[in-house]
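Residue-level listing of the chains:
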Amino acid sequence: MIKLIVILLSAVFINNYVLSRFLGICPFLGVSKKLDSATGMSLAVIFVMLIATAVTWPIQMYLLNPNNLGYLQTIVFILVIAALVQLVEIILKRYIPSLHKSLGVYLPLITTNCAVLGVTILNIDEGYTFVEAMVNSLGSGLGFFLAMVMFSGVRSTIEGSDIPKSFQGLPITLIAAAITSLSFLGFGGIIENLFA
Amino acid sequence: MEPILTAVIPVVIIGIICAAVLVIASKIMAVKEDERFPVIRECLPGANCGACGFAGCDGYAKALCESSDTPTNLCVPGADGVSRKLSEILGVEFEDVIEQVAVVHCAGDCKKTQDKVEYHGIESCVAAKLLYGGKGSCTYGCLGLGDCAAACPQDAICIQNGIAHVDSRKCIGCGICTRTCPNHLISLVADVEKVVVTCSNKDKGAVTRKICSNGCIGCKKCEKVCPLGAIKVTDNVAVIDYEKCTDCPDFGVCAKNCTTGCIMISDLSGMHRYKEN
């Protein structure tokens, strides 16, 4: 049980996918301008990370590894995740239109997001069991959510402040992103001592 | 077996399975469409410009099907013809479409203003704008690299002497360029209008004067001479309120009296009006 908690917390804070592993930077910079779109995107990411792990972990363990096809991991995962997200979209459209509407364009947008692919591949590399892999995906999704919401707050503050001309636009956003990710370095080393 | 085959075959099989599942799912779980939808969609021009305020022609057609409150006169590129067809299908009263054309609020071409730096980067206004607000000495003006011209679905915009010009005869009033311009220089106005302010510089008069001979210096002369009180200088630049600027008793007085000539008389009659005459 403690191991699961450690996995969850370290996925959220220490190995945060956006701010420590630098995966999924595109939506981090692209969709973080407004709080509601950042929330929508993050919820979709959590959702997709969970279902992607639930499908790719068995594929790796019961299909690829026994047949010595481990090297096909990347391409098979991309293929399966893309198809899966499309399927989920069709199902949502039919049965839960309200959720489909609120996830909106973000659902197809993250089919090929590297954070989603990163989670599924790292789950295998770390040698997690199925439950551990699911917990890690949940943690990674929550970490993404945290980073997006935090950064959208930072950006809305930037929007209203007086910035030197040469820093306006992209430069100040990148600097702000760098400082935000620096703050997450502070979590390093906490987990090892937390449950010791 | 060849190693290449052991790799390709499983991927192909997985791909085929995924495709089959998707096809079956989309057949079983297809959402029933309103039967009027294809008919309405057929009427719309299909430019997907978003001028109606919905996400593309599909979005507008859907909104028309779902709610009878959706106005039928929102399609600017389709103009009166489309509006008439839509109102026939839906059985509502025909509403006139206000045809619009795009206008560039900058006339600071290479004769009137100068560059402050040489720019050798990507040929795109957005990219140029990121570097110190563009190469021109006026950071509010047209960057002249043609993002709007590239975005225009009708080839109605061209770059001449370093600034964008809209050919109102070709413009369908979709408003894509208004959203593309990083300096927000382009706006849509009704195609019956005759006067436009061709400057967007919000600097103080003295600063503007130095960098562009066409720039609005905010002298408020136009405010005083306008018989209808339709011109207001806000943030050091004159803005015409087109709702008040109708049936001017002294037409063109603002343009004649403008100190720098940034208020101009121009023929904005768009393609629809042009065809009618």
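Residues numbered from 1 in each chain as written. Chains lettered and ligands numbered in written order. Predicted model: local features only at pLDDT ≥ 70, side-chain atom pairs only at ≥ 80, totals over all residues. Heavy atoms only, no water.

**Looking at the overall build of chain A**
Per the secondary structure count, chain A includes ten helices and zero strands. Overall, chain A shows an N-to-C arrangement of helices and strands of α-α-α-α-α-α-α-α-α-α. Put simply, 79% of the contacts in chain A that link residues at least 6 apart link residues at least 24 apart. (Helix = DSSP H or I, 4+ residues; strand = E, 2+ residues; numbered from the N terminus. Contact = heavy atoms within 4.5 Å.)

**Some points on the overall build of chain B**
A count of helical and extended segments in chain B gives eleven helices and eight strands. In chain B, buried positions account for 43% of the 277 residues. Of the contacts formed within chain B by residues at least 6 apart in sequence, a portion of 55% connects residues at least 24 apart. When the accessible surface of chain B is split by element, carbon and sulfur atoms take 56% of a total near 15,100 Å². (Buried < 20%, exposed > 50% of the residue type's maximum accessible area, 1.4 Å probe, protein only. Areas by Shrake-Rupley, 256 points an atom, 1.4 Å probe, with all protein chains shown as cover.)

**Focus: the interface of chain A and chain B**
In this complex, chain A contributes 19 residues to the contact, which on the side of chain B involves 18 residues. Roughly 1,500 Å² of surface becomes buried between chain A and chain B when both sides are summed, with 85% attributable to carbon and sulfur atoms. When residues of chain A are sorted by the area they lose upon contact with chain B, Leu79(A), Ile90(A) and Arg94(A) head the list and together hold 27% of the total. At the junction of chain A with chain B, the criterion picks out zero salt bridges. Our enumeration of links across chain A and chain B arrives at zero residue pairs in polar contact (both at pLDDT 80 or more). In terms of residue count, helix α4 (residues 73–95) of chain A provides more of the side of chain A that touches chain B than any other element does, twelve residues in total. (Buried area = accessible area lost by both parts, 1.4 Å probe. Salt bridge = Lys/Arg side-chain N within 4 Å of Asp/Glu carboxyl O. Polar contact = N/O pair within 3.5 Å; in protein donor to acceptor, adjacent residues only side chain to side chain.)

**Some thoughts on the nonpolar core**
In this structure, Phe28(A), Met41(A), Leu107(A) and Met148(A) are the most contacted members of the largest nonpolar core, which totals 43 residues. Elements supplying a minimum of two residues to this core: α3 (35–64), α4, α6 (106–109), α7 (114–125), α8 (130–159) and α9 (170–185) of chain A. Here Met41(A) is in contact with Pro27(A), Val31(A), Tyr106(A), Leu109(A), Ile110(A), Phe144(A) and Met148(A), once residues within four sequence places are set aside. Counting residues in hydrophobic clusters, the runner-up holds 39 residues, among them Val101(B), Cys171(B), Ile186(B) and Ile240(B). (Core = buried A, V, L, I, M, F, W, Y, C linked by side-chain atoms within 4.5 Å.)

**Things to note about the environment of Val45(A)**
Residue and element names in this part refer to chain A. Along the chain, Val45 turns up in helix α3. Here the alpha-carbon distance between Val45 and Gly141, two residues 96 residues apart in the chain, equals 6.1 Å. Setting aside chain neighbours within four positions, we find Val45 in contact with Ile110 and Phe144.

**Brief notes about the confidence of the model for chain A**
Low pLDDT means the predicted coordinates in that region are not meant to be read closely. Confidence in the prediction for chain A averages 86 pLDDT; 98% of positions are at 70 or higher. The spread of mean pLDDT over the elements of chain A runs between helix α10 (residues 190–194) of chain A, the lowest at 72, and α8(A), the highest at 92. (pLDDT = per-residue confidence, 0-100.)

**A look at the pattern of salt bridges**
Applying the stated criterion across every chain yields a total of two salt bridges over all chains. Residue Glu132(A) pairs with Lys3(A) through a salt bridge whose shortest N-O separation is 3.2 Å. Within this pair, whereas Glu132(A) is found in helix α8, its partner Lys3(A) is found in helix α1 (residues 2–14), the two being separated by 129 residues in sequence. As a salt-bridge pair, Arg41(B) and Asp58(B) come within 2.5 Å of each other at their nearest N and O atoms. Linking Arg41(B) in helix α2 (residues 36–43) with Asp58(B) in helix α3 (residues 56–66), this pair joins segments that are 17 residues apart in sequence.

**Points about α2(B)**
Residues and elements named next belong to chain B. Burial in α2 covers these residues: Phe37, Ile40 and Cys43. Taken around the axis of α2, the buried residues stretch over an arc of 125°, which confines them to a single face. On its buried face, α2 is in contact with α3 and α4 (79–90). (Arc of directions from axis to C-beta.)

**Considerations on the side chain of Glu89(A)**
If you trace the backbone, Glu89(A) turns up in helix α4. With no salt bridge to any partner, buried Glu89(A) finds its closest opposite charge in Lys93(A), at an N-O distance of 6.4 Å. (Lys, Arg positive; Asp, Glu negative; His and termini not counted.)

**Things to note about the packing of aromatic side chains**
Residue and element names in this part refer to chain A. By the definition in use, this model includes six aromatic pairs over all chains. Considering the side-chain rings of Phe184 and Phe187, the 5.4 Å spacing of their centres and the 70° angle between planes classify their relative orientation as edge-to-face. Given a relative accessible area of 28%, Phe187 falls into the partly exposed group. Pairwise contacts between aromatic rings join Phe13, Phe184 and Phe187 into one cluster. (Phe/Tyr/Trp six-rings, centres within 6.5 Å; stacked < 30°, edge-to-face > 60°.)

**Topic: a positive patch on the surface**
Residue and element names in this part refer to chain B. A grouping of Lys220, Lys224, Lys232 and Lys244 is seen on the molecular surface, where their side chains present a positively charged patch. As for its placement among the helices and strands, Lys220 is situated in the loop between α8 (205–211) and α9 (221–225). On the basis of relative accessibility, which here comes to 38%, the residue Lys220 falls in the partly exposed class. (Patch = residues over 30% accessible without salt bridge, like charges linked within 9 Å, V, L, I, M, F, W, Y side chains within 5 Å. Charge placed at Lys NZ, Arg CZ, Asp CG, Glu CD.)

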